[in-house]
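# Architecture and fold: a report
The residues making up each chain are set out below.
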Amino acid sequence: MAVDPRLLCRWFLSLLGLLLLPLLGACERMPDMGGLQSALHPEGPAAAHTASLWWVMFWGAMAILGLVLALSIYVVRSRPENRPKINGMYLIIAGGVLLPLLTLTPLLFYGIRMSGDLRAPTGQESVRVEVIGHQWWWEVRYLDRNGRPLAITANEMHIPAGQPVEFIVRAADVIHSFWVPKLAGKIDLIPGMENRIVLQASQPGRYRGQCAEYCGVQHAHMAFWVVAEPDADFRAWIVDQQRPAIAPHNEQEVGGKAAFQAIGCAGCHSIRGTQAQGIMAPDLTHIGSRQTLGAGTMDNSEAALARWIVHNQDIKPGNKMPSFEDLDPLRARALAAYLWSLK
Ligand code: CUA
């Protein structure tokens, strides 16, 4: 039997495409990301559910693809006179009704049952955190039993490892989406609405999260970290975060604190325990204890703080803070030293 060479070529390309599929998974293993945001390497129960769902759907799709390919090969390779004669109505009922019903119905029920497990708070969560999405940063408030804020921070959340933590998410401006791929699925932050999701990390560790809904030019620089710690460390952290800012230790830091008021930082930022009570921008009471600046844009350090203050519009163009390029370098260094001291 002669087979059309163009058909053979198409078969070959399809097969090659199939063989190359696993390479798609390489994106999440890029050296700079280190699989940090891989939903296929879950570190918590909700993410494990999502990963199982993904694998079930993947192998289900592969089985259907295999069946379709096998039938296509059979049609191409067999002689028409050798093929069994099947009644058309029988084919429609078997292939068009029964097969989809038998494959899709179990998947549907599996998906519905799974999504119920994903984000429902159980009422057992001992820690509740409110997260408010802003262009382009995350306001984080730890709530007491009465829903009043205990501690306020930004772009970094600490949770006790092995315990479910309820996150109540809202948006201050446009729609954002809160996603820590290794811990749970996504949840949208929608203006005027309150959504909830539960995060639980099986092990202590640092988990990167990312805004997953396009929200403006700096959407990609709207990341955050979830730090899961042993319970005692978490309790110590939350006590620290509730404390007002410590006083400057030396002359340089005193100068930095004065500069903070003088150049207008206090108009937008709060440093609890000082005159700075701004509410437009991240609370800086413990900025020196955070791991990143600019919502995960750069690692935090005294030098990074100085660079951020002077050049932030080059680092994260369009963010709401102006660059202070005309600031006297000594003053910029003093400001950075003061902020870095706020552990
Ligand atoms: Cu916030 Cu994308």
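Before any of the text, the structure's been laid out above.
Let us look at the structure shown here. As the structure is a computational prediction, the values presented were derived from the model and not from experiment.

Conventions we followed
- Residues numbered from 1 in each chain as written.
- Predicted model: local features only at pLDDT ≥ 70, side-chain atom pairs only at ≥ 80, totals over all residues.
- Heavy atoms only, no water.
- Pairing = 2+ DSSP bridges.
- Helix = DSSP H or I, 4+ residues; strand = E, 2+ residues; numbered from the N terminus.
- Axes fitted to C-alpha atoms, helices over the stretch in contact; angles between N-to-C directions.
- Phe/Tyr/Trp six-rings, centres within 6.5 Å; stacked < 30°, edge-to-face > 60°.
- Buried < 20%, exposed > 50% of the residue type's maximum accessible area, 1.4 Å probe, protein only.
- Lys NZ or Arg CZ within 6 Å of the ring centre and 35° of its normal.
- Expected span 1.5 Å × (residues − 1).
- Contact = heavy atoms within 4.5 Å.
- Disulfide = S-S within 2.5 Å.
- Salt bridge = Lys/Arg side-chain N within 4 Å of Asp/Glu carboxyl O.
- Polar contact = N/O pair within 3.5 Å; in protein donor to acceptor, adjacent residues only side chain to side chain.

Spatially, 5 strands are ordered 3-2-1-5-8 in an open sheet, and the strand pairing comes out mixed. At either end of the open sheet lies a strand with only one pairing partner, and these are strand 3 (149-154) and strand 8 (195-199). Strand-to-strand, the axes of this sheet are offset by a mean angle of 25 degrees, without reference to chain direction. Across 5 bridges, the pairing between strand 5 (residues 165-171) and strand 8 is antiparallel. When the sheet's bridge partners are listed, V165 is paired in strand 8 with L199.

Right, let's talk about the packing of aromatic side chains for a bit. Counted according to the given criterion, the structure contains 12 aromatic pairs. Where F58 meets W59, the ring centres are 4.9 Å apart and the plane angle is 75 degrees; that geometry is what we call edge-to-face. For F58, a relative accessible area of 24% translates into the label partly exposed. Judged by centre distance (5.3 Å) and plane angle (70 degrees), the rings of Y142 and W237 are edge-to-face. Placement of the pair is Y142 in strand 2 (residues 137-143) and W237 in helix 4 (residues 231-242), with a sequence separation of 95 residues. For Y142, a relative accessible area of 1% corresponds to the buried category. Exposure remark for W237: the relative accessible area of 11% places this residue in the buried category. Across the ring face of W179, the terminal group of K186 is positioned such that the distance to the ring centre comes to 4.6 Å. Geometry around W225 places R206 over its ring, the cationic atom sitting 3.9 Å from the centre.

Let's shift gears to helix 7 (residues 329-341). Between its first and last C-alpha, helix 7 extends 18 Å over 13 residues, near the 18 Å set by a 1.5 Å rise per residue. Every buried residue of helix 7 is accounted for by A332, A334, L335, A336, A337, Y338, L339 and S341. Buried-residue contacts for helix 7 involve helix 5 (251-262) and helix 6 (302-315).

Along the chain, the position of T122 falls in the loop between helix 3 (88-119) and strand 1 (127-134). In this structure, the C-alpha to C-alpha distance between T122 and V198, residues 76 residues apart in sequence, is 8.9 Å.

Scanning all chains against the criterion turns up 0 disulfides. For C268, which is in no disulfide, the shortest distance to another cysteine sulfur is to C265 and amounts to 8.8 Å.

Take the pairing of strand 9 (residues 205-211) next. When you tally the buried positions in strand 9, you get 5 out of 7 residues, the bulk of the element. Of the strand pairs in this sheet, strand 6 (residues 176-179) and strand 9 are connected by 2 bridges, and their pairing is antiparallel. Bridged to F178 within strand 9 is C211.

All right, on to the pattern of salt bridges then. A side chain of one charge can pair with a side chain of the opposite charge when the charged atoms of the two come close. Enumeration over the complete set of coordinates arrives at 11 salt bridges. Between R243 and D240 there is a salt bridge, with its nearest N and O atoms 2.3 Å apart. Salt bridges linked by common partners bring R128, E166, E194 and R196 together as one network.

Moving on: the side chain of E166. Following the sequence through the fold, E166 ends up in strand 5. A distance of 2.6 Å separates polar atoms of two side chains, one belonging to E166 and the other to R196. Contact partners of E166, with chain neighbours within four places excluded, come to P121, E125, V127, R128, V129, R196 and I197.

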